[in-house]
Amino acid sequence: MNKDPLIYGLCFSLIPCLIVFTKWKLDQKKFAMKENLYKKMLFNSNELQQKKAEQEQKNLKSDAELGETIEYNLMNQLLKNNHSRVRKICITGGPCAGKTTGLNFLAEKLKERGFAVYIVPEAATTLFMGGGMLDLDNYSAEDKMTFQMNLLNLQMKLEHTFNVLAMLCPENKTPVLLCDRGLMDGKAYMDSSEWYEMIGKYNLDEFQMRDLRYDAIVHMVTAADSTDCYSTLNNKARHETQQQALEMDHRTQKAWTGHPNLIKIDNHSVKSFNEKLDWLLEEVLRILGHSIRQREIGITRLFFLDELIDLNKIKDEHQIFEIQKTYLIPQSENSTLLLVQRIHEGRSQLYIKEKFFENNTMVKANIVKLQKKDYQIFKRLANPDYLQLNLKKACFTYEGQYFIVNEYEGFCQFLKIKNCKKDTDIKFPSYINQQYMDEVFEKYTSRVFAKEFSKEPELIDRKKQGIKFRKLSVADDSIEKPPRSDQEPIDDFQLDQKQVISEKRIPQPKQK
């Protein structure tokens, strides 16, 4: 049999297959060329966008230094107006805490520094000197409410009158209103139900009275705590025993718990009453934005919580706040800016913080309250190198000790305790499990989290998957500091940092 036709037939039948295969290879090669071209174009586009973003950021930093944008012009105007604003500081505390002496000391020292000082007298003492009876045990429940409402009304009128007078001071001076006690002090002398019944009856807003009315609350601890100097002889209106004075001190601190700038001046952190007065002066000067070298007084302890606390199940009277922190680009390398939104029960506080440094030491600070429209404008200045932080803060007082729980949502919880006594065990409430607490000896701030978490954008996605954060090793500063000229600018408010070479630890991912 002749095999040639069969071979020729097979060869001719393979030709279409070869044509199809060749076309497929050519199409594949063309597709690969187009894909490479597309990738190159996409890379060039991304590179161009990145360069454009870097140039815009560079221009924004340059504009920040020159103050030539709308946002920075507005900020400079607000800071200028803030200088002439009446600063209202409430000096409160338990009986025999040194408030009267402290007020007179503050007035003298602030006047020496060029401030126009106005002291609002204590309403209760004014009533007593006029014949009013202060021992509320002698009043019925209805009479007690009537007395407290009239006391509150007198306090508001006194503050309003002195505030008007302070606004008339010369333009070259900053007016300061020092209040001998404040509106929330009445809560310490009433049952909680009676207090809320009273403010409800007269349509008063506790958030307005506590958080918005005063720039700062300075709580001076009674001499009945940690000293043997308690006495009723130097004030005719004082009738409490030493134990009652200590209880009233704790109740007063609870009444003010939640104020964004609550400062506690205790007795065990200083060696003498004169040092207590110096501490008081330093805190007030810091509040007023006066140039002064800052120093830490007292012991602050920080604990990382392995077992999270349900903030809504805290048994003691407490306040919970939702806080959003946005770090901005500062106008100079020796200043820092932080934009803050603070929400409590649907009510919002908006403000911007600015600090100035010399030789890595904070020497001056400003806090400027904002309107909502200004807040939205300043958000355009957000620094992309820092993650915007959302956290919840719970504040409460237990056994005279002020506790703060900071929950970085989706990340971790920290328990902060200020003004701890030396060599004394802290009394923790029963709902805090001490077995799942790790004490942290580095000073962690929101800036550290914002800076470190911004380097790992996938952390935001991990939050949605329910992943918790344990310990993240970072070779970074644990205490904040201002930017230096040989480094890239650091853009936040609370930068009071030392150079730390050793490895630090902050929370990192941990699967539930």
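Shown above is the structure to which this text applies.
Conventions used here
Here the residue numbering is sequential within each chain, running from 1 through the sequence in written order. With pLDDT at 70 or above as the cut-off, local features in this predicted model cover only qualifying residues; side-chain atom pairs require 80 or more to be listed or tallied, and sums for whole chains, interfaces and linings still use all residues. In computing side-chain values, all of the structure's heavy atoms are included and hydrogens and water are not. By the criteria applied, helices consist of DSSP H or I runs no shorter than four residues and strands consist of E runs no shorter than two, each listed in order from the N terminus. Between buried and exposed lies partly exposed: a residue is buried under 20% and exposed over 50% of the maximum accessible area for its type, with that area taken using a 1.4 Å probe on protein chains only. Contacts between residues were defined by any pair of non-hydrogen atoms, one from each residue, lying within 4.5 Å. Per-residue and other accessible areas follow the Shrake-Rupley method at a 1.4 Å probe size, with only the shown protein chains counted as cover for residues. In this analysis, the expected span of each helix is defined as 1.5 Å times one less than the number of residues it contains. Strands were regarded as paired on the criterion that DSSP finds at least two bridges between them. Every angle, taken between N-to-C directions, lies between 0 and 180 degrees, and every axis is a line fitted to C-alpha atoms, over only the stretch in contact when it is a helix. Each angle gets one of four labels, with under 35 degrees taken as roughly parallel, over 145 as roughly antiparallel, 65 to 115 as roughly perpendicular, and the rest as oblique. Crossing handedness follows the turn of the near helix against the far one: under a right angle anticlockwise gives a left-handed crossing, and clockwise gives a right-handed one. Ten residue types, Ala, Val, Leu, Ile, Met, Phe, Trp, Tyr, Cys and Pro, are classed as nonpolar, four, Asp, Glu, Lys and Arg, as charged, and the remainder, Gly among them, as polar. Salt bridges are defined by distance alone: a side-chain nitrogen of Lys or Arg within 4 Å of a carboxyl oxygen of Asp or Glu. Patch membership is restricted to residues that have no salt bridge and whose relative accessible area is over 30%. Joining uses 9 Å for like charges and 5 Å for the nonpolar side chains Val, Leu, Ile, Met, Phe, Trp and Tyr. Ring pairs shown here join Phe, Tyr and Trp side chains whose ring centres sit within 6.5 Å, with only the six-membered ring taken for Trp; geometry is labelled stacked below 30 degrees between planes, edge-to-face above 60, and tilted in between.

Draft legend 1. Main features of the overall build of the protein chain. A tally of regular secondary structure across the protein chain gives 12 helices and 18 strands. By residue count, 47% of the 512 residues in the protein chain fall in the buried class. Long-range contacts, defined here as pairs at least 24 residues apart, represent 72% of the contacts in the protein chain between residues at least 6 apart. Of the accessible surface of the protein chain, which amounts to about 27,700 Å², a share of 51% is contributed by carbon and sulfur atoms.

Draft legend 2. Layout of helix α5 (residues 141–166). The end-to-end C-alpha separation of α5 is 37 Å, in line with the 38 Å expected for 26 residues at 1.5 Å each. Buried within α5 we find K144, M145, F147, Q148, M149, L151, L152, Q155, L158, E159 and A166. Packed against the buried residues of α5 are β1 (87–93), β2 (116–120), α4 (123–129), β3 (175–180), α6 (192–201) and α7 (206–212).

Draft legend 3. Geometry of the sheet that holds β2. The parallel open sheet is built from five strands, whose spatial order is β2-β3-β1-β4-β5. With one partner strand each, in any of the chains shown, β2 and β5 (262–265) form the two edges of the open sheet. The average undirected angle you get between the axes of adjacent strands in this sheet is 20°. Bridge analysis of β1 against β3 gives five bridges, and the strand direction is parallel. In the sheet register, K88 faces β3, and the bridge partner there is L177. Running over the sheet, helix α3 (residues 99–112) touches β1, β2, β3 and β4 (216–220) and is turned about 170° from β3.

Draft legend 4. Highlighting the packing of α5 against α6. The N-to-C vectors of α5 and α6 enclose an angle of 55°; their axes lie 11 Å apart at closest approach. Regarding the angle of α5 to α6, the classification is oblique. The handedness of the crossing between α5 and α6 comes out as right-handed. For the pair formed by α5 and α6, the contact residues are A141, K144, M145, Q148, M149 and L152 on the first element and E194, E197 and M198 on the second. Per-class residue counts for the contact of α5 with α6 are five nonpolar, one polar and three charged.

Draft legend 5. Representation of the pattern of salt bridges within the structure. In this structure the tally under the stated criterion is 12 salt bridges. Of the charged contacts in the structure, one is a salt bridge between R181 and D185, with a shortest N-O distance of 2.5 Å. This pair shows no difference in class: R181 is buried, exactly as D185 is. Connected via shared salt-bridge partners are K187, E206, R210, D211, E317 and R342.

Draft legend 6. Structural context of the pairing of strand β13 (residues 412–420). Of all the nine residues making up β13, seven are buried; the element is thus mostly covered by neighbouring parts of the structure. Pairing geometry for strand β6 (residues 299–305) and β13, over five bridges, is antiparallel. Each residue of the ladder has a partner; that of I299, found in β13, is C420. Two strands pair when backbone bridges link them, and strand β12 (residues 401–408) and β13 are joined in this way by six bridges, in the antiparallel orientation. Within β13, the position partnered with E407 by the bridge is Q413.

Draft legend 7. Highlighting a nonpolar patch on the surface. A surface patch of nonpolar side chains, amounting to about 280 Å² of accessible area, comprises V164, L165 and L168. The exposure class assigned to L168 is exposed, which follows from its relative accessible area of 67%.

Draft legend 8. Expanded view of unusual backbone geometry. A positive phi angle is found at C96, which is not glycine, with a value near 60°. Tracing the backbone shows C96 in the loop between β1 and α3. Overall, the relative accessible area of 11% leaves C96 in the buried class. Not every positive phi belongs to a glycine, and R181 is a case in point at roughly 75°. Of note, R181 is situated in the loop between β3 and α6.

Draft legend 9. Summary view of the packing of aromatic side chains. Enumeration according to the criterion identifies seven aromatic pairs in this entry. On the basis of an interplanar angle of 70° and a centroid distance of 5.6 Å, the ring pair of F304 and F414 is categorised as edge-to-face. Of this pair, F304 sits in strand β6 while F414 sits in strand β13, and the two are 110 residues apart along the sequence. For the pair formed by F304 and F414, the shared burial category is buried. Between Y327 and Y386 the ring centres are 5.7 Å apart and the planes differ by 40°, which places this aromatic pair in the tilted class. Note that Y327 is positioned in strand β7 (residues 318–327) and Y386 in the loop between α10 (372–378) and β11 (389–398), a separation of 59 residues in sequence.

Draft legend 10. Just the packing of α3 against helix α9 (residues 273–287), in detail. Look at α3 against α9: their axes get within 10 Å of each other, and the N-to-C directions meet at 55°. Classified by the interaxial angle, the pair formed by α3 and α9 is oblique. Judged by the twist between their axes, the crossing of α3 over α9 is right-handed. For the pair α3 and α9, contact is made by T101, G102, F105, L106, K109 and L110 and by F273, L277, D278, L280, L281, V284 and L285, respectively. Class assignment of the residues belonging to the contact of α3 with α9 gives a composition of nine nonpolar, two polar and two charged.

Draft legend 11. Just the side chain of H219, in detail. Locating H219 in the fold gives a position in strand β4. Ignoring anything within four residues of it in the chain, the contact list for H219 reads T92, G93, G94, D249, T252, Q253, L262, I263, K264 and I265.

Draft legend 12. View of the side chain of S269. Within the element layout of this structure, S269 appears in the loop between β5 and α9. Once residues lying within four places of it in the same chain are set aside, the contact partners of S269 are W279, I297, G298 and N419.

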